[in-house]
Amino acid sequence: MNFIDAITLEVADTEAAGRFYSTAFGLDNQLRLRASQEPSTGFRGYTLSLTVSQPANVDALVDAAIAAGATVIKPAAKSMWGYGGTVQAPDGAIWKIATSAKKNTGPATREIDDIVLLLGVADVAASKKFYVEHGLTVGKSFGRMYVEFESGSDPVKLALYRRKALAKDAGVSPEGTGSHRIAICGAAPYTDPDGFAWETATLAAQS
């Protein structure tokens, strides 16, 4: 099996990014940061999602992110799927905070149930085939629209979405050039059809 052990975000200032993610989301072990000045403009082709148990938790995390320096892209609001909003971290990464629940069931907390890395891809079926060939197991699949892979007990889930649809969901234009500014830490190093790089834990630590 080939699960995600961690996500490496390439940022201009690792100390500032570390403070943001610890303060806003309480993320430490799930994220790694490394300095990079690789050019990147517009949509980077991915989003990171934090799924929580109730709307109040969405609001708590969005408020914490804003207080730590994030910019609101889509204010938290109800939808046919639940409740959620999108923010952009100071380093440029786009985060969606959401829940499928429509009502609160308890006091607000900042507890995160799941972290999901959504890759915006040109051809969902082709990317799905690529990842299956590299050891991932499909958990959910909706034709050429969306694929989610089994994550086992690993801290980050992986899903594939069409690039334009993912950008629309995030609330940004799909256009973008340059580096994705992200690397995925897994069992083996390779690069997928859309240019997303996977690294072993050893390679990630040496970068």
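So, a few notes on the structure that sits alongside this text. Remember, it's a predicted structure, so these values are computed and weren't measured experimentally.

**Quick look at the overall build of the protein**
In step 1: When helices and strands are tallied, the protein shows five helices and 15 strands.
In step 2: Expected size for 207 residues packed as a compact globule is a radius of gyration near 17 Å; at 16 Å, the protein falls within 12% of this value.
In step 3: Projected onto the principal axes, the alpha-carbon positions of the protein cover approximately 45 × 40 × 35 Å.
In step 4: When the 207 residues of the protein are sorted by exposure, 44% land in the buried category.
In step 5: Residue pairs at least 24 apart in sequence account for 65% of intrachain contacts in the protein once pairs closer than 6 positions are excluded.
In step 6: When the 20 basic and 22 acidic side-chain charges of the protein are each reduced to a single mean position, those positions are 8 Å apart.

**Some remarks on empty space enclosed by the protein**
In step 1: Taken as a whole, this structure holds two cavities of 30 Å³ or more when the rule is applied.
In step 2: Space inside the largest cavity adds up to approximately 50 Å³.
In step 3: The wall of the largest cavity is formed by 10 residues, among which Phe3, Ile4, Glu150, Ser151 and Leu158 lie closest to the centre.
In step 4: Element by element, the count of residues in the lining of the largest cavity is highest for strand S11 (residues 156–162), at three residues.
In step 5: Across the lining of the largest cavity, the residue classes tally to six nonpolar, two polar and two charged.
In step 6: Roughly 30 Å³ of volume is contained in the second largest cavity.
In step 7: What lines the second largest cavity is Ile7, Leu27, Gln30, Leu31, Leu48, Trp95, Ile115 and Val156.
In step 8: The residue makeup of the lining of the second largest cavity, split by class, is seven nonpolar, one polar and no charged.

**Considerations on the layout of surface pockets**
In step 1: In this structure, the largest pocket occupies an estimated 1100 Å³ of space.
In step 2: Lining the largest pocket are 30 residues, and of these Thr51, Trp81, Lys96, Ala98 and Asp169 sit closest to its centre.
In step 3: Among the residues forming the lining of the largest pocket, the class breakdown is 12 nonpolar, 10 polar and eight charged.

**Section: the nonpolar core**
In step 1: Leu9, Phe25, Trp95 and Leu117 are the most contacted members of the largest nonpolar core, which has 44 residues in total.
In step 2: A per-element tally of this core places helix H1 (residues 14–25) first, with five residues.
In step 3: In this structure, Ile94, Val116, Ala167 and Ala170 belong to the second largest nonpolar core, which totals nine residues.

**Some remarks on the sheet that holds strand S14 (residues 190–191)**
Think of a sheet as strands paired side by side through backbone hydrogen bonds, with each pair either parallel or antiparallel.
In step 1: Pairing is mixed across the open sheet formed by five strands, whose spatial order is S2-S1-S13-S15-S14. At either margin of the open sheet sits one strand with a lone partner, and together these are strand S2 (31–35) and S14.
In step 2: Bridge count between strand S1 (residues 6–11) and S2: five bridges; the pairing is parallel. The partner of Glu10 across the bridge, within S2, is Arg34.
In step 3: Here H1 sits on the sheet and contacts S1 and S2; the angle it forms with S2, its principal contact strand, is near 160°.

**With respect to the pairing of S1**
In step 1: Extensive coverage of S1 is indicated by the burial of six of its six residues.
In step 2: Of the two faces of S1, the one holding Ala6, Thr8 and Glu10 and the one holding Ile7, Leu9 and Val11 are both buried throughout.
In step 3: Both S1 and strand S13 (residues 182–186) contribute to a ladder of four bridges, which runs antiparallel. Pairing of Ile7 across the sheet is with Ile184, part of S13.
In step 4: Of the crossover connections in this fold, the one passing from S1 over H1 to the parallel S2 is right-handed.

**Describing helix H3 (residues 124–133)**
In step 1: Within H3, burial applies to Val124, Ser127, Phe130 and Tyr131. Buried positions in H3, seen along its axis, are confined to an arc of 125° and lie on one side of it. Opposite the packed face of H3, turned more than 90 degrees from it, sit the exposed residues Lys129 and Glu133.
In step 2: On the buried face of H3, the contacting elements are strand S8 (114–121), strand S10 (146–149), S11, S14 and strand S15 (197–200).

Here is what the cut-offs are and how they apply
- Residues numbered from 1 in each chain as written.
- Predicted model: local features only at pLDDT ≥ 70, side-chain atom pairs only at ≥ 80, totals over all residues.
- Heavy atoms only, no water.
- Helix = DSSP H or I, 4+ residues; strand = E, 2+ residues; numbered from the N terminus.
- Rg over C-alpha atoms; globule rule 2.2 N^0.38 Å.
- Buried < 20%, exposed > 50% of the residue type's maximum accessible area, 1.4 Å probe, protein only.
- Contact = heavy atoms within 4.5 Å.
- Lys, Arg positive; Asp, Glu negative; His and termini not counted.
- Charge placed at Lys NZ, Arg CZ, Asp CG, Glu CD.
- 1 Å grid on protein atoms, 1.4 Å probe; cavity = no way out; pocket = protein on both sides within 12 Å on 5 of 7 lines; lining within 4 Å.
- Points joined across faces, edges and corners; volume = space filled by probe spheres on them.
- Nonpolar A, V, L, I, M, F, W, Y, C, P; charged D, E, K, R; others polar.
- Core = buried A, V, L, I, M, F, W, Y, C linked by side-chain atoms within 4.5 Å.
- Pairing = 2+ DSSP bridges.
- Axes fitted to C-alpha atoms, helices over the stretch in contact; angles between N-to-C directions.
- Right-handed = clockwise from strand over helix to strand, strands pointing away.
- Arc of directions from axis to C-beta.

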